[in-house]
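Structure at a glance
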Amino acid sequence: MSEGTKNQPANASRDELNPFHSMAHQFGLAADLLELDEGTRDVLRQPDRELTVSMPVMMDDGTIEVFTGYRVQHNFSRGPCKGGIRFAPDVNLDEVRALAAWMTWKCSVVDIPFGGGKGGVICDPRNLSQGELERLTRRYTASIMDILGPDRDVPAPDMNTNEQTMAWIMDTYSMHVRRTTTAVVTGKPIAIGGSKGRREATGRGVMLVCREAMKKLGRSPEDTRVVVQGCGNVGGVGALLLHREGYKVVSVSDMYGALYNPDGLDMPAVMDHLRGSGRLEGYSSADYIVNSEGQLELPCELLIPAATENQITSKNADRIQAELVVEGANGPTTSRGQEILDSRGIMVVPDILANAGGVTVSYFEWVQDRMGYFWTEEIVNSRLEQVMVRAFHSVADMAEKHNVNLRTGAYLVAIDRVARVYRMRGVFA
Ligand code: NAD
C-alpha cells in the first residue's frame, strides 16, 4: 500500500490544501516504485532529531517575554542538515518537521552533500523592534547551539528572516566557540562570508530548468509566452532572467494584482517601477488586473507559480492554458491539481527541483567559507548551471525510465540517493 493511501483520509478536499500531505503522498509513490523496505521507509519518514526551546527575551519596555522555537533535523545521512529558519506567529512543530523533510529531498535531488533541517520561532516580527529581534535571534541561536555547526546543521533565511538575522546567528555562534565561524549559516551579507550570486540563485535556477524543459518540448524562447505569479526574489528575478533570454513575459503579479501585456512586458522597466513604488500597480505600459485570481489562466506556454502554496488545485487546474508549469514556489500545486495537469498532458517541473538553485548556491557559500576563498559571480553562476542542468536531466531520465511524471521522477532520484547512502553507512547500534 502506498503511503499516500495510508496517510490520506477519505476527505481529500480537506486534505488537498495541506502541502505536507502532498509530500507524504509523493514519498509513498516513489517508495513503492523503489520497492523500499518498511524499515528504510520508517527511517526516512521520521526526523532524526527535534528540539523545542523556550527563550526568555528582555523586551524594550523592561518586561520579559518567553518565546518558543524549534529546530528539526530530518536526515543527515548525506551531510550536515540544511534549511531555513522562519519567524512567524503560526509556526508549529508539524510544519517545521515537514519542511525539514522537504529539504532532505531538495538537497538530494540536486546532489549537494547536505541533509534536511528547518527551524522556526513563534513570534510576530511586525510587533518586534530591531533590538528585540536581535535579542530573540541571539537567544534562539544560543539555545540550539549544541546541534548547530558547519558540520552539523547550517541554517539559512526563510520567511521573515534575512541577511541581518544570519549575521546575528553567525556572530552569536562565533562568540560561543571563540572563533569566527562563517560557515555556520548561509545567506549572509557578502562582507561577512556571503556568496556572490546567492540572492539571484533561486530565480536563476528557475530560468535554467525552464530552458531545459523547453528544449524537451521543442520550443524556443521567442515563441514562448510566460506568466509569472509573484514578483519577489524568485518570481521577479526569474522573470527578468527569462526576459533577458528572449522569452516573452506577458504577465507578472504581486499580492495586490497582476500586470498583463500580450505583446510582452519590458521586465527591467517593470522591476525598476517595483523597486521605486513597492508595487506593480501604476506601471503604465500594461493592463493592471486588480483581482489577480485569473492570472494563472491567462494564455501562455510557460506558467511559473512563484508566490505561495496551493495555487493550482482541483478548482482551476482544468483551466490552465500553459504547456509547462515550473514551480518557483514551494508547494504551489496540490496532488489533485497535479493529477488534472497530468491528465491534460501539461508538464510540471516540481518545486524540489525547480527552486533548488537557492540551496545550491548556499552550498557554494558554505564551501567558500570553509576554503576562505571566494569565487567570482561568473564562477558561481556557471557552477549553478552545471548542477541545475545535471539535476534536471537525471530527474527527466528517471521519470522516463519509470514512465511517471517529473515530480515522481524527482522524488525517485532524491529518495534513492538518501536510501543508498543510508544502507552504505549501516545502522549504528
Ligand atoms: P518574496 O517575499 O521575495 O516574494 C513573494 C512575491 O509573491 C511577492 O511579489 C508577493 O507580493 C507575491 N505574492 C504573495 N502572495 C501572492 C498571491 N496570492 N498572488 C500573487 N502574488 C503573490 O518571496 P520569494 O523568496 O520570492 O519566495 C516565493 C516562494 O518561493 C515561496 O514559496 C518560497 O518558499 C519559495 N522559495 C524561495 C526561495 C528563495 O531563495 N527565496 C528558495 C526556494 C523556494
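Small disclaimer: the values here were computed from a predicted structure and weren't measured.

Considered domain by domain, the protein is made up of domain 1 (49–182) and domain 2 (201–354). A separation of 30 Å is found between the C-alpha centroids of domain 1 and domain 2. Considering only the side of domain 1, the residues that lose the most area to domain 2 are Trp102, Lys106 and Val109, jointly responsible for 81% of the buried surface there. Inspection of the region where domain 1 meets domain 2 yields 0 salt bridges.

Let us now look at helix H9 (residues 235–244). With 8 of its 10 residues buried, H9 lies for the most part within the structure. Taken together, the buried positions of H9 are Gly235, Gly236, Val237, Gly238, Ala239, Leu240, Leu241 and Leu242. In this structure, the buried residues of H9 make contact with helix H8 (201–216), strand E6 (225–229), strand E7 (248–254), helix H10 (267–277) and strand E10 (302–305). Of the residues flanking the end of H9, it is Gly246, one or two places downstream, whose phi is positive at about 105°.

Note on placement: Leu298 falls in the loop between strand E9 (287–289) and E10. Placed 19 residues apart in sequence, Leu298 and Ala317 show a C-alpha to C-alpha distance of 12 Å. Excluding anything up to four places from it in sequence, Leu298 contacts Val227, Ser251, Tyr260 and Gln321.

Counting residues in hydrophobic clusters, the biggest one holds 84 residues, and the most contacted among them are Trp105, Val252, Leu302, Ile304, Val326 and Val349. In terms of residues, this core owes the most to one element, helix H14 (residues 377–402), which gives 10 residues. Here this core spans two domains, and each of domain 1 (49–182) and domain 2 (201–354) adds at least three residues to it. The residues contacting Val326, other than those within four sequence positions of it, are Val206, Val209, Cys210, Leu302, Leu303, Ile304, Pro305, Val349 and Ala354. Counting 24 residues, the second-largest nonpolar core is a separate cluster that includes Met55, Val121, Tyr140 and Val185.

Attention shifts here to the pattern of salt bridges. Counted under the stated rule, the structure contains 34 salt bridges. For Arg199, the salt bridge is made with Glu163, and the minimal N-O distance between the two is 2.8 Å. Of this pair, Arg199 sits in the loop between helix H7 (163–177) and H8 while Glu163 sits in helix H7, and the two are 36 residues apart along the sequence. For Arg199, a relative accessible area of 52% translates into the label exposed. In this structure Glu163 comes out as partly exposed when scored by relative accessible area, which is 29%. Sharing partners across several salt bridges, the network here consists of Asp32, Glu38, Arg41, Asp42 and Arg45.

Conventions used here
- Residues numbered from 1 in each chain as written.
- Predicted model: local features only at pLDDT ≥ 70, side-chain atom pairs only at ≥ 80, totals over all residues.
- Heavy atoms only, no water.
- Domains from an automatic or database assignment.
- Buried area = accessible area lost by both parts, 1.4 Å probe.
- Salt bridge = Lys/Arg side-chain N within 4 Å of Asp/Glu carboxyl O.
- Buried < 20%, exposed > 50% of the residue type's maximum accessible area, 1.4 Å probe, protein only.
- Helix = DSSP H or I, 4+ residues; strand = E, 2+ residues; numbered from the N terminus.
- Contact = heavy atoms within 4.5 Å.
- Core = buried A, V, L, I, M, F, W, Y, C linked by side-chain atoms within 4.5 Å.

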